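# Analysis of the macromolecular model
Okay, here's what each chain looks like letter by letter:
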Amino acid sequence: MSATAQKKLLQLANKRLEKFVSLLPRVLLSEQADLIHDTRVYSRRLQQAIRAFFPRPHIGKARKLVRVLRKSRRSLGPCRNLDVTMTIIQKKIRAAKEDTIRDAWRQVQQHLEEQRSRELVRARRELDQYDLMAFIKRARDLLDSGDRASDPEQSLKKTIKQGLIDWSDALDNALQDKGQESFHAFRIAGKQLRYALELLATMGDRASTAKVKTLKKLQDQIGEWHDRQVLLQFVADFISRPDFLAAHPDQARALLAEMDSGKQRDQFAIAAILKDAERIRTEWTAVKVKRRAVKGNGIDKSAEPL
């Protein structure tokens, strides 16, 4: 890796560190949904940058930093799910044509707003345990140390190579199983691959830039599916409360009908997403084979996928 490229990657890692540590204190003071979302996003991006310099197995200091990032993300996860779900419910309230279903969604919304308040208190209590100044010092010392991987670009490329294989394997599992669990695993594999590709793309890798754009569109579709699954689970929990079911049987039936309709739509959505993913994998494989042929290496069918 050239000194210029390594310097660029180090600058990027420090910018992501600055962004994350500027967002985290604001979450402790503000209830804005965007702050929670951005904090979680930059925790992932900073984590990927650290892993570029310190691939698995991490040295002790890098492992501790990654652990803090992962825990902070998980602390805010329930709040983020509630924020996304309430946004969907707002749309459903506006689109409802009958008072019964509109009132039902409003009751769900009120219940989730109360739940979000409790979750935010819990998340802040957990985040308050971390010494932010100590985290900043450890991160800067680690990134500036001489113990970094000698060639983080090559390390990142190895991570992406394995990530492509994992993504392809997860796609095969989802195609074969067609269940929500395997589809969720495919979603996670795509998310991990995308963050690694984004990091390499910032260093000027055109192939990675193109993959990021393609993968982002696919991940957005999968993200919408995931948000609907979270909504269905919240609604199921809400309906199952004895006080609601006994007092509002009409609204419960209306919500159940909405859930059933949503499940059917999601089955079609999964099939369409997997079809797009297969097409993307075929295109990526074809590009790789063509590139090897141009280099005079011929076509090697035994090579790794993608």
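Structural data are supplied above this passage.
Rules of the game
- Residues numbered from 1 in each chain as written.
- Predicted model: local features only at pLDDT ≥ 70, side-chain atom pairs only at ≥ 80, totals over all residues.
- Heavy atoms only, no water.
- Patch = residues over 30% accessible without salt bridge, like charges linked within 9 Å, V, L, I, M, F, W, Y side chains within 5 Å.
- Areas by Shrake-Rupley, 256 points an atom, 1.4 Å probe, with all protein chains shown as cover.
- Salt bridge = Lys/Arg side-chain N within 4 Å of Asp/Glu carboxyl O.
- Lys, Arg positive; Asp, Glu negative; His and termini not counted.
- Charge placed at Lys NZ, Arg CZ, Asp CG, Glu CD.
- Helix = DSSP H or I, 4+ residues; strand = E, 2+ residues; numbered from the N terminus.
- Buried < 20%, exposed > 50% of the residue type's maximum accessible area, 1.4 Å probe, protein only.
- Axes fitted to C-alpha atoms, helices over the stretch in contact; angles between N-to-C directions.
- Parallel < 35°, antiparallel > 145°, perpendicular 65-115°, else oblique.
- Contact = heavy atoms within 4.5 Å.
- Expected span 1.5 Å × (residues − 1).
- Phe/Tyr/Trp six-rings, centres within 6.5 Å; stacked < 30°, edge-to-face > 60°.

### Concerning a positive patch on the surface
On the surface, a cluster of positive charge is contributed by Lys 61, Arg 63, Lys 64, Arg 67, Lys 71 and Arg 138. With five residues, helix α3 (residues 60-95) is the largest single contributor of residues to the positive patch. Here Arg 138 is to be found in helix α5 (residues 132-144). Owing to a relative accessible area of 36%, Arg 138 belongs among the partly exposed residues under this scheme.

### Points about the packing of α3 against helix α8 (residues 206-239)
As a packed pair, α3 and α8 sit with axes 9 Å apart at the nearest point and diverge in direction by 85°. Classified by the interaxial angle, the pair formed by α3 and α8 is roughly perpendicular. Only His 226, Asp 227, Arg 228, Val 230, Leu 231 and Phe 234 of α8 make contact with α3, whose side of the interface consists of Asn 81, Leu 82, Val 84, Thr 85, Ile 88, Ile 89 and Lys 92.

### Observations concerning helix α2 (residues 33-53)
With 21 residues, α2 ought to run about 30 Å at 1.5 Å a step, and its terminal C-alpha atoms sit 31 Å apart, in line with that. Where burial is concerned, most of α2 is hidden: 15 out of the 21 residues are buried.

### Some points on the packing of aromatic side chains
A complete count under the given rule lists six aromatic pairs for this structure. Between Trp 167 and Trp 284, the ring centres sit 5.4 Å apart and the planes meet at 40°, which makes this aromatic pair tilted. Of the two residues, Trp 167 sits in helix α6 (residues 152-177) while Trp 284 sits in helix α10 (residues 249-294), which places them 117 residues apart along the sequence. Take Trp 167: its relative accessible area is 0%, and that puts it in the buried class. For Trp 284, a relative accessible area of 9% gives the class buried.

### Quick word on the pattern of salt bridges
Tallying each qualifying case throughout the model produces 16 salt bridges. Of the charged contacts, one joins Arg 194 and Glu 198 as a salt bridge, the two residues approaching to 3.1 Å between their closest N and O atoms. In this pair, Arg 194 and Glu 198 both sit in helix α7 (residues 180-201), four residues apart, roughly one turn of the helix. In this structure, Arg 194 and Glu 198 share a single accessibility class: buried. Among the ionic pairs, Asp 220 bridges to Lys 216, the shortest N-O distance being 3.1 Å. Of the two residues, Asp 220 and Lys 216 both sit in helix α8, four residues apart, roughly one turn of that helix. Through salt bridges with shared partners, one network takes in Arg 45, Arg 194 and Glu 198.

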